[in-house]
Amino acid sequence: MEVRLQKVIADSGLASRRKAEELIVQGRVTVNGQVVCELGTKVNPEKDHVKVDGRHLKPAAPQTFVMLNKPKNVVSTMSDPGGRGTIADLLPGVHVRVFPVGRLDFDSEGLMLLTNDGELAQLLLHPRHHVPKTYLIKVKGMLAPEHIDALEKGVMLDDGRTGPAIVKKVGKATENSWLEVTIFEGRKHQVKRMLDAVNHPVLKLKRVKFGPLALGDLPTGHYRYLTDREANAVRELARERQDVQAGGGQARARQARLKRVRAKWARNARSSRQKTVSSKRVSI
Ligand code: URA
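Residues numbered from 1 in each chain as written. Predicted model: local features only at pLDDT ≥ 70, side-chain atom pairs only at ≥ 80, totals over all residues.

Colleague: Quick question: what am I supposed to make of the site of the ligand here?
Modeller: Contacts to the ligand come from Leu-104, Asp-105, Ser-108, His-189, Gln-190, Val-191, Lys-192 and Leu-205. By residue class, the composition of the shell around the ligand is 3 nonpolar, 3 polar and 2 charged. (Near = placed C-beta within 6 Å. Nonpolar A, V, L, I, M, F, W, Y, C, P; charged D, E, K, R; others polar.)

Right, here's the structure in full:
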């Protein structure tokens, strides 16, 4: 099967997709002995001999998925020009070149998915079809039902109105409220900005779900590889995104299914909204 040259280079773990493009444009890549500077070039990784700076690429690493429970005060990237601690420091036994699917703020914690599959990551990060993400948050003050309604319908931010969200009260609120918020977009600082918009600033934020993945009892600062079942669920999600982008009939059917799933989540959330999900003290 023919694959884009930059993908073949990135899949070998030598460089990110962007860096691979730079290598090609700089004339440092040959295919079967010929320098190739054209970014659209496709090659057959099983037949064609690709070299960078005169060296053969390593065979592509198998597709790898890692779940990390990011602690606070760590940047959610693999390197930091400012010298702060990064998530790379928390992955000592991962020898495949993985990178995060999305970000969490420096002071946020919780579930991060990492993979070495750049194409899959791009599909999951597509701005129009974001993966549902659920956050457990502590906010200042007691949230009134009209605030919850406003958050669920969408609030106006400086970059436009947010899409519908699912908001559940969790635990017994005394001075501050605990909420579980599910969003279907991925704007910068979105949850914090949504809560600021209803005058209840976020005090703590932890991502507990990402699409089909749940953080469960993975301790803070620890990581694990996804199970086969989880990895398949992530692949299925990426396939759905791919179909939606392709815009075929199958895509419309899947899109309709996604809509139904979303509506069901919303109904469940509404029916359980008044009941508190847990009367235990919540801690993150
Ligand atoms: N929303 C935020 O405001 N911050 C995060 O880290 C994630 C979602």
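Colleague: For this particular structure, what's the right way to read the pairing of strand S13 (residues 166-169)?
Modeller: Successive residues of a regular strand alternate their side chains across the two faces of the sheet. A two-sided burial pattern is seen for S13, the buried positions comprising Ile-166 and Lys-168 on one face and Val-167 and Lys-169 on the other. Pairing between S13 and strand S14 (residues 177-183): 4 bridges, direction antiparallel. Considered in S14, the bridge of Lys-168 is made with Glu-180. (Buried ≥ 20, exposed ≤ 12 C-beta atoms within 10 Å, placed from the backbone. Helix = DSSP H or I, 4+ residues; strand = E, 2+ residues; numbered from the N terminus. Pairing = 2+ DSSP bridges.)

Colleague: How do you make sense of the sheet that holds strand S3 (residues 34-35) when you look at a structure like this?
Modeller: Across a sheet, paired strands are connected by hydrogen bonds in the backbone, their directions being either parallel or antiparallel. If you trace the 4 strands from one edge of the open sheet to the other, you get S3-S2-S5-S6, paired in antiparallel fashion. Of all strands in the sheet, those bounded by a partner on one side alone are S3 and strand S6 (55-56). Two elements, strand S2 (residues 29-31) and strand S5 (residues 50-52), share 3 bridges in a ladder whose sense is antiparallel. Bridging from a neighbouring strand, Thr-30 pairs with Lys-51 of S5.

Colleague: What exactly am I supposed to notice about the environment of Asn-232 here?
Modeller: Tracing the sequence through the fold places Asn-232 in helix H6 (residues 228-246). As for Asn-232 and Pro-212, which are separated by 20 residues in sequence, their C-alpha atoms are 9.8 Å apart.

Colleague: Mind showing me how you'd approach helix H4 (residues 145-153) here?
Modeller: An α-helical turn contains 3.6 residues, so a residue and the one three or four places further along point in the same direction. Of the positions making up H4, those classed as buried are His-147, Ile-148 and Leu-151. Take H4 and look down its axis: the buried residues cluster within an arc of 100°, on one side only. Across from the buried face of H4, at angles greater than 90 degrees, the exposed residues are Pro-145, Glu-146, Asp-149 and Lys-153. (Arc of directions from axis to C-beta.)

Colleague: Whenever I open this one, the confidence of the model for the chain confuses me. Can you help?
Modeller: When pLDDT is low, close inspection of the predicted coordinates is not appropriate. Summarising the model, the chain shows a mean pLDDT of 87, and 85% of its residues fall at 70 or more. Low pLDDT, under 50, characterises residues 273-280; the stretch is placed with 16 contacts to residues that sit more than four places away or in other chains. (pLDDT = per-residue confidence, 0-100. Contact = placed C-beta atoms within 7 Å.)

Colleague: Please clarify how the nonpolar core should be interpreted in this entry.
Modeller: Across soluble globular proteins, nonpolar side chains show a tendency to be buried alongside one another. Ranked by internal contacts, the top residues of the largest apolar core, which has 45 residues, are Leu-113, Ile-137, Val-181 and Val-191. Residues from two domains meet in this core; each of domain 2 (132-210) and domain 3 (227-262) gives at least three. Residues in contact with Val-181, not counting those within four places in the same chain, are Tyr-135, Ile-137, Ala-165, Val-167 and Val-191. (Core = buried A, V, L, I, M, F, W, Y, C linked by C-beta atoms within 7 Å. Domains from an automatic or database assignment.)

Colleague: Before we go on, may I ask you to explain the pairing of strand S9 (residues 109-115) in this structure?
Modeller: Taking burial as the measure, the 7 residues of S9 include 7 buried ones, the bulk of the element. In this sheet, S9 lies alongside strand S7 (residues 65-70) in antiparallel orientation, the contact comprising 6 bridges. For Val-66, the partnering residue across the bridge sits in S9 and is Leu-114. Where strand S8 (residues 99-100) meets S9, 2 bridges bridge the pair, whose relative direction is antiparallel. The residue of S9 that forms the bridge with Phe-99 is Thr-115. Pairing of S9 with strand S15 (residues 202-210) involves 2 bridges; the strand directions are parallel. By the bridge assignment for S15, Gly-110 is matched with Arg-207.

Colleague: What am I meant to see in the environment of Tyr-135 here?
Modeller: Tracing the chain through its elements places Tyr-135 in strand S10 (residues 133-139). Owing to 25 C-beta atoms within 10 Å, Tyr-135 belongs among the buried residues under this scheme. In the structure, Tyr-135 is positioned 70 residues away from Leu-205 in sequence and 6.5 Å away in space, judged by C-alpha atoms.

Colleague: Mind showing me how you'd approach unusual backbone geometry here?
Modeller: Among all residues except glycine, the phi angle is most often negative; among peptide bonds, the trans geometry is most common. Within the chain, Asn-32 stands out as a residue other than glycine whose phi angle is a positive 50°. Relative to the elements of secondary structure, Asn-32 occurs in the loop between S2 and S3. For Asn-32, a count of 11 C-beta atoms within 10 Å gives the class exposed. Positive phi values are uncommon outside glycine, yet Asp-53 reaches one of about 50°.

Colleague: In this structure, what is going on with H6? I would like to understand it.
Modeller: Taking 1.5 Å as the rise per residue, H6 with 19 residues should run 27 Å; its terminal C-alpha atoms sit 27 Å apart, in good agreement. For H6, the full list of buried residues reads Val-234, Leu-237, Ala-238, Glu-240 and Arg-241. Buried residues of H6, seen end-on, are gathered within an arc of 150° and therefore sit on one face of the element. Set apart from the buried face of H6 by more than 90 degrees, the exposed residues are Asp-228, Arg-229, Asn-232 and Ala-246. (Expected span 1.5 Å × (residues − 1).)

Colleague: When you look at the environment of Gly-102 in this model, what are you seeing that I'm missing?
Modeller: As for its position among the elements, Gly-102 is in the loop between S8 and S9. Look at Gly-102 and you get partly exposed, because 16 C-beta atoms sit within 10 Å. For Gly-102 and Leu-125, which are 23 residues apart along the polypeptide, the C-alpha to C-alpha distance reads 6.8 Å. For Gly-102, the residues in contact, after removing those within four places along its chain, are Leu-125 and Gly-186.

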